[in-house]
Amino acid sequence: MIFLLILGVPVALGHLYLWRRLVVDTTRPRTLGRRIGTLAVAGAFLMLMSALVVTRRVPPEYGKFFAWPGFVWLAVLFYLAIALGIAEIPRRVLLRRATLVPAAVGAGPDPVEPVEVVPDPSRRLFISRSVAIGSGIAAGGVVGYGMTQALGAPQLLNVPVTLDKLQASLSGFRIAVVSDIHLGPLLGRSHTERIVRMINEQEADLVAIVGDLVDGTVAELGEAAAPLRDLVSKHGSFFVTGNHEYFSGHEQWLAELDRLGVNPLRNEGLTVAGGIELVGVNDVIGESYNDGPDFERALAGRDKKNPLVLLAHQPVQVSDASSHGVDLQLSGHTHGGQMVPFNFVVPVQQPSVAGLSKVDDTWLYVSRGAGFWGPPVRVGAPPDITMIELKSAG
């Protein structure tokens, strides 16, 4: 209910704004066109709210029929509102000039009476309709491009990271990092198969899945996740929880991933390749489920001579990581903002939107993720799978 209120109120206000600009301003009162436009906006609002409500309560095979039109429309609504908002100033300037000026009363070089300015309804309609059409084309173009990015193959990135403690013999150790796969009503088994195929082609030394694998239960999405059993790497595949696992039955998912050969790290770690300490901590949302991150437990017994690589879903956990001497943290969660301009909002909560950065003495790498949440749209933040190549300082 709280989720619906938080999202429902701005969605309702957005539809009201669109109704004013796309229907009221572009049609004459009490006409069939205005009635049809009003019904269309009301229907779009109900379609979107159905996507938000129904997809959380029915299996993905049924939820997709609500999710596809609803979430695509959410993206269109968002960019339509932005386009119309940008057009407000030129629109108002043009409307003020859209007037009919009758001839001045009187004779001679100067008019006897002031000129009367009367709005010209036809010109005002033309301007409003032109703005509406232009905004619609712009929003449609952005959303169409964003869908090709979101539904296309993830970019394959190669990122070298130098660790002072890394043995020279381990220089070149490659970790395949993938996050935010978000299996659900819009992304299924074929999405997982493509990710597994891309990772296997890289012949990684280790695979790290850093949270938000699913948006649904094992019963609903177990088959979609099954291709993860085919992941191949020299030192295994590992997983840490994201916030969405806790919304989807995290205990069952951790057991299912273990069955598929993807090893969950629940505030624990191990030594890999004889010289790298690999540690995973639970997501911070786990605190609400009595399953939060515990750095003291996770780092107990680690060999401090070896570099420490941490898997943690949210970049914000880097503050704890830095204080505990972590050399490299691998995270996701942000989606790189997913849709511009959200990339400017993410820094309010997270220390990094995407890519490699440094916090004190800790390297932080944030993947943009291989899937999406909500709209099947990515603008300015294409999906990715990253090969982290560890380099020795010597």
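Below, the structure is looked at part by part. Starting afresh in each chain, residues are numbered from 1 along the sequence in its written order. Local features in a predicted model are, by the rule used here, given only for residues with pLDDT of at least 70; side-chain atom pairs are given and counted only at 80 or more, and totals for whole chains, interfaces and linings are based on all residues. Each side-chain value is worked out from all heavy atoms of the structure, with water and hydrogens disregarded.

1. Brief notes about the nonpolar core
Nonpolar side chains tend toward joint burial in soluble globular proteins.
Move 1: Residues enter a nonpolar core if they are buried and are Ala, Val, Leu, Ile, Met, Phe, Trp, Tyr or Cys, with the set joined through side-chain atoms within 4.5 Å. Exposure categories follow from relative accessible area, calculated using a 1.4 Å probe and restricted to protein chains: below 20% of the type maximum is buried, above 50% is exposed, and the middle band is partly exposed. Among the nonpolar cores identified, the biggest contains 30 residues, and Leu48, Phe71, Trp73 and Leu77 are the most heavily contacted of them.
Move 2: Mapped onto this core, the elements with two or more residues apiece are helix H1 (2-24), helix H2 (32-54), helix H3 (60-86) and helix H5 (121-151).
Move 3: A per-element tally of this core places H3 first, with 10 residues.
Move 4: In this description, contact between two residues means that some pair of their heavy atoms is separated by no more than 4.5 Å. Contact partners of Phe71, with chain neighbours within four places excluded, come to Ala51, Leu52, Thr55, Leu186, Gly374, Pro375 and Pro376.
Move 5: Counting 28 residues, the second-largest nonpolar core is a separate cluster that includes Ile209, Trp253, Leu254 and Val262. Every helix listed is a DSSP run of H or I at least four residues long, and every strand listed is a run of E at least two residues long, numbered separately from the N terminus.

2. Things to note about the pattern of salt bridges
Move 1: By convention in these notes, a salt bridge is any Lys or Arg side-chain nitrogen within 4 Å of a carboxyl oxygen on Asp or Glu. This model, assessed by the stated rule, comprises 14 salt bridges.
Move 2: With a closest N to O distance of 3.1 Å, Glu193 and Arg189 form a salt bridge. Of the two residues, Glu193 and Arg189 both sit in helix H6 (residues 189-201), 4 residues apart, roughly one turn of that helix.
Move 3: Taking the relative accessible area as the measure of exposure, Glu193 reaches 34% and is therefore partly exposed.
Move 4: The shortest N-O distance in the salt bridge between Arg302 and Glu277 comes to 2.9 Å. Taken together, the positions of Arg302 in the loop between helix H10 (295-299) and strand S10 (308-311) and Glu277 in strand S9 (residues 276-280) put the pair 25 residues apart, joining distant regions of the chain.
Move 5: Residue Arg302 is classed as partly exposed on the basis of its relative accessible area of 22%.

3. Side note on the packing of H3 against helix H4 (residues 88-97)
Move 1: Axis angles are defined between N-to-C directions and span 0 to 180 degrees, where every axis is a line fitted to C-alpha atoms and, for a helix, only to the segment in contact. At a closest axis distance of 4 Å, the pairing of H3 and H4 adopts a crossing angle of 45°. Classified by the interaxial angle, the pair formed by H3 and H4 is oblique. Listed contacts from H4 to Leu84, Gly85 and Ile86 of H3 are Glu88, Ile89 and Pro90.
Move 2: Each residue is assigned to one class: nonpolar for Ala, Val, Leu, Ile, Met, Phe, Trp, Tyr, Cys and Pro, charged for Asp, Glu, Lys and Arg, and polar for all the others, Gly among them. A per-class count over the contact of H3 with H4 returns 4 nonpolar, 1 polar and 1 charged. The scheme is simple: roughly parallel for angles under 35 degrees, roughly antiparallel for over 145, roughly perpendicular for 65 to 115, oblique for anything else.

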